[in-house]
Amino acid sequence: MKTSRNANQEKAMIIIYDALTYEDMNIDYDIKEIIGDVLGDSYENSDFYVREVVVKALLHEKEIISEIEPKLNKWKFSRLNRLAQAILLLSYAHYKYVEGVDKAIVIDIAVHLAKKYLDDGDYKFINAVLDNVLA
């Protein structure tokens, strides 16, 4: 069954969130297994976009954080809500590593996810950070 790009972006955020949770707990994980579990299919049969954006976000996680953290206005990336971290990693990876997509579209997707999953007003923070980081 084919799913929409918006649904796939939401699932990618959930997968990144799961990986960050395992990392915070110092538990080894198999990203292929997490992708398969979240998408309800084998890794090999799962959506290419989801696989690509998740793998690149996690592969470049430290580099992405080093780009984002200076724009957090005296905050540490590790202190952010884990869902906010997942949204920022997903958005940065989508813009920088996956495809030539417009900055405004990436930010719009991130704001939509933030409005759905984060506290009221947190979308403004996500919007401001990504506006400063994505160039």
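Draft legend 1. Here's a closer look at helix α1 (residues 5–24). The end-to-end C-alpha distance of α1 is 28 Å, a good match for the 28 Å that 20 residues give at a rise of 1.5 Å each. Against α2 (31–39), α3 (48–59), α4 (61–68), α5 (82–98) and α6 (103–117) lie the buried residues of α1. Two residues or fewer after α1 comes asparagine 26, characterised by a positive phi angle close to 55°.

Draft legend 2. Molecular detail of the pattern of salt bridges. For the structure on display, the rule yields four salt bridges. Here glutamate 10 and lysine 116 are joined by a salt bridge, their closest N and O atoms 3.0 Å apart. In this pair, glutamate 10 is assigned in helix α1 and lysine 116 in helix α6, connecting sequence segments 106 residues apart. On the accessibility criterion, lysine 116 (49% relative accessible area) is partly exposed.

Draft legend 3. Quick peek at the environment of glutamate 61. Looking at the element boundaries, glutamate 61 is found in helix α4. The spacing of glutamate 61 and glycine 121 is 60 residues in sequence and 25 Å in space, taken between C-alpha atoms. Excluding its chain neighbours within four sequence positions, the residues that come into contact with glutamate 61 are Leu20, Glu23 and Leu89.

Draft legend 4. Region of interest: α3. Under the 1.5 Å per step criterion, the end-to-end length of α3 is 16 Å for 12 residues, consistent within 8% with the ideal 16 Å. Turning to α3, its buried residues number three or more, namely Tyr49, Val50, Arg51, Glu52, Val53, Val54, Ala57 and Leu58. Check the buried side of α3 and you find it contacts α1, α2, α4 and α5.

Conventions used here
- Residues numbered from 1 in each chain as written.
- Predicted model: local features only at pLDDT ≥ 70, side-chain atom pairs only at ≥ 80, totals over all residues.
- Heavy atoms only, no water.
- Helix = DSSP H or I, 4+ residues; strand = E, 2+ residues; numbered from the N terminus.
- Expected span 1.5 Å × (residues − 1).
- Contact = heavy atoms within 4.5 Å.
- Salt bridge = Lys/Arg side-chain N within 4 Å of Asp/Glu carboxyl O.
- Buried < 20%, exposed > 50% of the residue type's maximum accessible area, 1.4 Å probe, protein only.

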